[in-house]
Amino acid sequence: MARWCYRHRLVVLVLWVGALFGLGAAGTSAGTDYSNVFSLPDTDSKQAYDLMTKAFPQSSGDTDTVVWRSSGDAGAVTDTAVRSRIEPALEEIAGMRGVGEVVGPYDTKNAAQISRDGRTAFAQITFTDQANEVSKDLVQKVVDTAQGAERDGLQVELGGQAITRIQEPPTGVSEVVGIAAAAVVLFLAFGSLFAMLLPIVVAITGVGSGMMATMLLSHVTNVPEVAPLLGSLIGLGVGIDYALFIVTRHRRGIQRGLEPEESAVRALNTSGRAVLFAGGTVCIALAGMLVMNLRFLDGVVIATSLTVVLSVLAAVTLLPALLGLLGPRVLSRKQRRKLASAGPDPAEASGPAARWSAYVQERPRSIAAMALVVMAVLALPVLSLRLGATDQGNNQESTTTRQAYDLLAEGFGPGFNGPLQVVVPGGADTTELVRTIRATDDVAQAAAAPPAGGITVIQVVPKTSPQSVGTDRLIDRLRDDVIPEAGVEAHVGGVTAVFKDFASVTGDRLPYFVGAIIGLGFLLLLIAFRSLVVPLTAALMNLIAAAASFGVLVAVFQWGWGTEFLGIGKEGPITAFLPVIMLSLLFGLSMDYQVFLVSRMHEEWVHTGDNARAVRVGLAETSRVINCAALIMICVFSAFVLSGDMEGAMAGIGLAAAVALDAFILRTALVPAAMHLLGRSNWWLPGWLEERLPHLAVEPAEPPAESPTGPDKDTGPDKDTGPVKTAEPVSTAEPEKSGTGGATVVHGFLRTVDGDPLAGASVTLVSRGGRQLDRVTSIADGSYIVSVPAPGAYTLAVTARGLASRAHHVTVGGGPLVYDVELTDDGAGLVN
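> I tried to follow the overall build of the protein chain on my own but got confused; where do I start?
Scanning the protein chain from terminus to terminus reveals 24 helices and 19 strands. Counting the 832 residues in the protein chain, one finds 56% classified as buried. Counting contacts in the protein chain only where the partners sit at least 6 residues apart, residues at least 24 apart contribute 76% of the total. As presented, the protein chain carries roughly 34,100 Å² of accessible surface, and 57% of it is formed by carbon and sulfur atoms.

> Would you mind showing me how to read the sheet that holds strand β1 (residues 63-70) here?
Two modes of strand pairing occur in sheets, parallel and antiparallel, and in both the strands are linked by backbone hydrogen bonds. Taken together, the four strands give an open sheet; going across it, the order is β2-β3-β1-β4, and neighbouring strands pair in antiparallel fashion. Among the strands making up the open sheet, the edge pair consists of β2 (99-103) and β4 (154-159). Adjacent strand axes in the sheet meet at a mean angle of 20°, parallel and antiparallel pairs treated alike. Across seven bridges, the pairing between β1 and strand β3 (residues 120-127) is antiparallel. The residue of β3 that forms the bridge with Asp64 is Ile125.

> Looking at this model, I keep getting lost on the confidence of the model for the protein chain. Mind explaining?
Detailed conclusions should not be drawn from predicted coordinates in areas where pLDDT is low. With 89% of its residues at a pLDDT of 70 or more, the protein chain shows a mean pLDDT of 81. When mean pLDDT is taken per element in the protein chain, helix α14 (residues 364-379) scores highest with 94 and strand β19 (residues 827-830) scores lowest with 42.

> Teacher, can you tell me more about the packing of aromatic side chains here?
Both the distance between ring centres and the angle between the ring planes are used here to describe each pair of aromatic rings. Scanning the entire structure with this criterion turns up seven aromatic pairs. Judged by centre distance (5.8 Å) and plane angle (15°), the rings of Trp605 and Trp683 are stacked. Highlighted residues: Trp605 in helix α21 (residues 578-608) and Trp683 in the loop between α23 (646-678) and α24 (687-692), separated in sequence by 78 residues. Note on Trp683: relative accessible area 9%, which makes it buried. Of the aromatic side chains, those joined through ring pairs into one cluster are Phe122, Phe412 and Phe416. In this structure, Arg83 is placed above the aromatic ring of Tyr106, and the distance from its NZ or CZ to the ring centre is 4.5 Å.

> Explain the nonpolar core to me, please; I cannot follow it from the model alone.
The nonpolar side chains of a soluble globular protein tend to be buried with one another. Ranked by size, the top nonpolar core spans 157 residues in total, and within it Tyr242, Met289, Leu297, Phe557, Ile632 and Phe637 carry the most contacts. Here this core takes 19 residues from α23, the largest share from any one element. Beyond its immediate sequence surroundings of up to four residues, Tyr242 is in contact with Val275, Ala278, Gly279, Val282, Val312, Ala315 and Asp592. Counting residues in hydrophobic clusters, the runner-up holds 29 residues, among them Ala89, Leu90, Ala123 and Ala162.

> Please clarify how a nonpolar patch on the surface should be interpreted in this entry.
Side chains of Val184, Phe187, Leu188, Leu193, Phe194, Leu197 and Val201 sit close together on the surface and give an oily, nonpolar patch of about 640 Å² of accessible area. Where the nonpolar patch is concerned, the elements lending two or more residues are α7 (173-190) and α8 (193-217). Counting residues per element, the nonpolar patch draws most heavily on α8, which supplies four residues.

> Where do I start with the sheet that holds strand β7 (residues 443-448) in this structure?
With respect to topology, four strands assemble into an open sheet ordered β7-β8-β6-β9, the strand pairing being antiparallel. Each end of this open sheet is capped by a strand with a single partner; those strands are β7 and β9 (491-493). Neighbour to neighbour, the strand axes of the sheet diverge by 25° on average, direction disregarded. Both strand β6 (residues 420-424) and β9 contribute to a ladder of three bridges, which runs antiparallel. For Val423, the partnering residue across the bridge sits in β9 and is His491. Against the sheet, helix α3 (residues 44-55) contacts β6, β8 (456-462) and β9, and its axis sits at roughly 85° relative to β9.

> Explain the pairing of strand β14 (residues 783-788) here, please?
Consecutive side chains of a regular strand alternate in pointing toward one face of the sheet and then the other. Most of β14 is tucked away, with five of its six residues classed as buried. With six bridges connecting them, strand β11 (residues 744-752) and β14 associate as antiparallel partners. Its bridge partner being in β14, Thr744 is matched across the sheet by Val788.

> Looking at this model, I keep getting lost on the packing of helix α10 (residues 260-287) against α21. Mind explaining?
Two quantities define a packed helix pair, namely the angle between the helix axes and the distance between the axes. Where α10 contacts α21, the two axes come as close as 8 Å, and the packing angle between them is 155°. What the angle tells us is that α10 and α21 run roughly antiparallel. In this structure, α10 meets α21 at a crossing whose hand is right-handed. For the pair α10 and α21, contact is made by Phe277, Ala278, Thr281, Val282, Ala285 and Leu286 and by Ser584, Leu585, Phe587, Gly588, Leu589, Met591, Asp592 and Val595, respectively. Along the lines of polarity and charge, the residues of the contact of α10 with α21 split into 10 nonpolar, three polar and one charged.

> Can you walk me through the packing of helix α2 (residues 9-30) against α8 in this structure?
Running from N to C, α2 and α8 point in directions that differ by 35°, and their axes come no closer than 8 Å. Once α2 is placed against α8, the crossing between them reads as left-handed. Two secondary-structure elements touch here, α2 through Trp16, Leu20, Leu23, Gly24, Ala26, Gly27, Thr28 and Ala30 and α8 through Thr205, Gly208, Ser209, Met212, Met215 and Leu216. Of the residues belonging to the contact of α2 with α8, the class tally is eight nonpolar, six polar and no charged.

> Explain unusual backbone geometry here, please?
For residues that are not glycine, phi is negative in most cases, and the peptide bond is trans in most cases. Positive phi is not limited to glycine here, since Asp442 has a value of about 70°. Following the sequence through the fold, Asp442 ends up in the loop between α16 (431-438) and β7. What makes Asp442 partly exposed here is its relative accessible area of 25%.

> Just checking my understanding: could you explain α10 for this structure?
An α-helical turn contains 3.6 residues, so any two residues separated by three or four positions project in the same direction. Between its terminal C-alpha atoms α10 stretches 38 Å, which fits the 40 Å expected from 28 residues at 1.5 Å a residue. Residue Ser271 marks the point of greatest curvature in α10, where the axis turns by about 35°. Burial analysis of α10 places 20 of its 28 residues in the buried class, which makes it a mostly covered element.

> How should the pattern of salt bridges be read in this particular structure?
Pairing between side chains of opposite charge can happen when their charged atoms approach one another. The full count for this structure, using the stated rule, is 18 salt bridges. Across the pair Arg83 and Glu87 runs a salt bridge whose closest N-O atoms are separated by 3.0 Å. Here Arg83 pairs with Glu87, and both are found in helix α4 (residues 80-94), just four residues apart, close to one helical turn. Note on Arg83: relative accessible area 29%, which makes it partly exposed. The partner of Arg402 in a salt bridge is Glu397, with the nearest N and O atoms 3.9 Å apart. Relative accessible area serves as the criterion here: at 6%, Arg402 is assigned to the buried category. Shared partners join several salt bridges into a network, and the residues in it are Arg3, Arg7, Glu261, Glu262 and Arg266.

So, how was this worked out
Residues numbered from 1 in each chain as written. Predicted model: local features only at pLDDT ≥ 70, side-chain atom pairs only at ≥ 80, totals over all residues. Heavy atoms only, no water. Helix = DSSP H or I, 4+ residues; strand = E, 2+ residues; numbered from the N terminus. Buried < 20%, exposed > 50% of the residue type's maximum accessible area, 1.4 Å probe, protein only. Contact = heavy atoms within 4.5 Å. Areas by Shrake-Rupley, 256 points an atom, 1.4 Å probe, with all protein chains shown as cover. Pairing = 2+ DSSP bridges. Axes fitted to C-alpha atoms, helices over the stretch in contact; angles between N-to-C directions. pLDDT = per-residue confidence, 0-100. Phe/Tyr/Trp six-rings, centres within 6.5 Å; stacked < 30°, edge-to-face > 60°. Lys NZ or Arg CZ within 6 Å of the ring centre and 35° of its normal. Core = buried A, V, L, I, M, F, W, Y, C linked by side-chain atoms within 4.5 Å. Patch = residues over 30% accessible without salt bridge, like charges linked within 9 Å, V, L, I, M, F, W, Y side chains within 5 Å. Salt bridge = Lys/Arg side-chain N within 4 Å of Asp/Glu carboxyl O. Parallel < 35°, antiparallel > 145°, perpendicular 65-115°, else oblique. Left-handed = near helix turned anticlockwise from the far one by under 90°. Nonpolar A, V, L, I, M, F, W, Y, C, P; charged D, E, K, R; others polar. Expected span 1.5 Å × (residues − 1). Bend = angle between axes of the 7 residues up to and from the residue.

Printed below as a string of structure tokens:
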């Protein structure tokens with residue numbers, strides 16, 4: 001498929017452009033029909049909601065609030081000076097097209113809309129449409145008209161879902177900022193404008209098609225308003241990262257001397273397969289949310305999974321077509337000139353990544369201990385995690401919705417913004433129940449509305465705010481004590497009760513969800529790496545990363561450490577559905593990094609049987625790409641603080657923290673340190689289990705490259721999953737058998753007398769009869785590996801420019817032989 005897309009690139013481009021325009025036209029004409037279905041079956045609030053729907057059918061439009069407060073010499077809100085300014089404004093609003101009704105406080109039957117001190121009052125505006133369908137022009141006109149009545153000593157603010165729409169930043173701001181930040185990282189990593197644009201174009205294509213498809217799906221299933229935001233958040237992150245992995249492999253192939261078409265095909269056949277596996281893993285993790293059996297999350301699963309699928313599809317079809325258009329221009333001019341003048345450039349691990357990998361090998365205990373301490377400290381706040389819901393009281397202080405919320409709380413009590421409804425069916429006498437509720441602690445007001453259809457609704461205003469722990473306790477007290485003692489059937493509902501039930505159900509089912517996704521990850525890694533310890537370690541690391549990232553989330557959003565500084569409003573409980581979504585995404589992204597890191601280690605282990613070398617080489621050759629990918633994810637996720645949506649900001653900060661901790665502490669420090677400490681146990685698997693497990697190749701090894709010309713030229717190991725040997729054998733003659741047993745290797749390090757690694761030295765293995773069996777060139781860290789056909793006695797010759805050559809006799813047993821050599825001006829001196 002990759003070759004077909006490469007060769008028929010114009011056809012692929014036309015198909016993708018047509019699909020984007022087609023989905024865009026269909027989505028624009030159909031509009032959106034997002035719905036937030038927080039109610040749950042078999043809960044008290046759901047029963048109350050169903051009864052109220054039957055007795056009091058809700059109006060079709062959204063109801064918002066105009067709040068005004070007088071101060072100083074302005075007098076009470078009932079004074080003529082205030083009424084003369086407010087009433088004309090309300091009458092003008094009532095006459096606007098799209099406004100159904102305005103209920104003010106100056107009618108005697110609405111006297112309850114004036115506070116006891118006479119300084120605060122409110123009016124309710126009912127639009128003819130739901131909040132997401134009310135035009136922003138109409139909302140802005142309502143706000144301007146209402147606030148036009150302000151004067152010294154008279155403050156007018158507005159609250160409600162429709163009003164919130166005009167406070168949102170322009171659509172796409174967070175996405176644009178995230179993409180711009182990712183572009184900077186990509187340019188620094190690639191040094192090429194064209195290479196930088198490739199992952200961005202692929203990600204935008206995948207996310208754009210996913211968003212349009214989600215708009216259409218909102219008409220046939222319940223998709224919450226936050227789903228497109230979360231879909232674009234995860235789609236941009238994985239879309240850019242997946243394209244990054246493939247483009248990196250493609251560029252490396254060209255630098256190693258491959259033709260652009262062959263390099264693209266190999267990149268898709270290796271890294272492309274890993275992308276398919278990673279994308280499937282993310283989708284499976286997202287589908288794990290269905291274990292929660294929450295209707296609200298079904299739409300989130302659909303939107304996010306669809307966006308990930310389309311992002312993967314763009315990476316494996318659109319990307320090779322774009323690579324075909326660019327050809328060798330995927331490299332920078334400097335890289336192309338170097339390739340033309342100096343020939344193929346060996347891809348070898350060197351620089352800071354190799355030095356850090358060696359440092360981890362030397363001090364695994366101290367590094368593991370420090371990493372665990374950091375993660376434990378960050379995880380401490382999670383012990384005070386409280387699930388709930390955000391409301392307009394969490395908005396920024398400068399917004400009119402936040403100020404309207406505060407004015408209502410000040411004038412009518414903190415609980416006025418989240419009243420409870422006690423619904424009594426069957427026409428029962430509620431006089432005694434109302435009296436009992438009024439006498440209950442933490443109840444500010446309680447009044448019964450006239451019955452309708454045999455159903456009575458008692459409006460209960462708590463003394464505490466909707467997000468307060470005291471309000472949660474009041475709901476429990478009403479359900480467990482007050483209502484049963486009254487001897488009547490009644491159900492406690494209202495938005496606050498619905499969110500409390502949603503948080504309770506989420507908390508109860510969360511352990512099952514965590515168990516499901518951890519178990520799934522264990523099975524996938526068990527099959528992929530044929531080990532029990534590797535998946536157990538990965539499961540533990542996922543739990544550590546989740547705890548630390550939620551600790552950051554609690555500190556920022558629940559404790560309020562920096563919320564106003566970040567411009568994300570007031571602290572409050574963590575949105576109830578967020579842990580489920582974050583754990584799904586974190587699991588999928590962690591699996592990506594774990595597979596990418598451990599697959600290289602596993603390949604080295606299979607070839608050498610040396611755990612220390614496997615971990616060191618695997619970390620050195622993958623950490624740079626993992627860290628670059630993680631940095632892009634962090635930029636994209638952090639930019640969603642600018643989305644204007646509290647849930648989006650929570651998800652962005654939480655996921656950015658999770659990715660940063662996972663990539664920079666767990667995958668590059670704690671995981672390799674733990675694997676050094678565990679030694680050969682990392683790769684242990686019982687024989688009976690090995691025979692029964694299916695085989696899954698995450699990323700097949702590349703075909704061997706053609707032998708370079710010249711005695712000392714070397715293609716080097718691929719940084720991802722390329723050949724482990726440092727060079728191809730120069731002789732294919734049949735070796736002399738020197739013993740019995742299977743093939744093995746001799747490997748080690750070449751160093752100078754000063755201890756510096758010696759790269760470019762030639763290491764040759766010769767049989768007793770004088771036949772050359774294998775010859776390799778040491779890489780940047782001085783390491784080498786030569787193949788040994790069977791146990792026995794051999795000669796190992798080491799030569800380097802400027803140094804005398806010398807041969808050593810080595811005896812190889814049934815396993816790999818570690819043979820380090822120190823080269824001096826007088827020849828080669830054995831270190832082992």
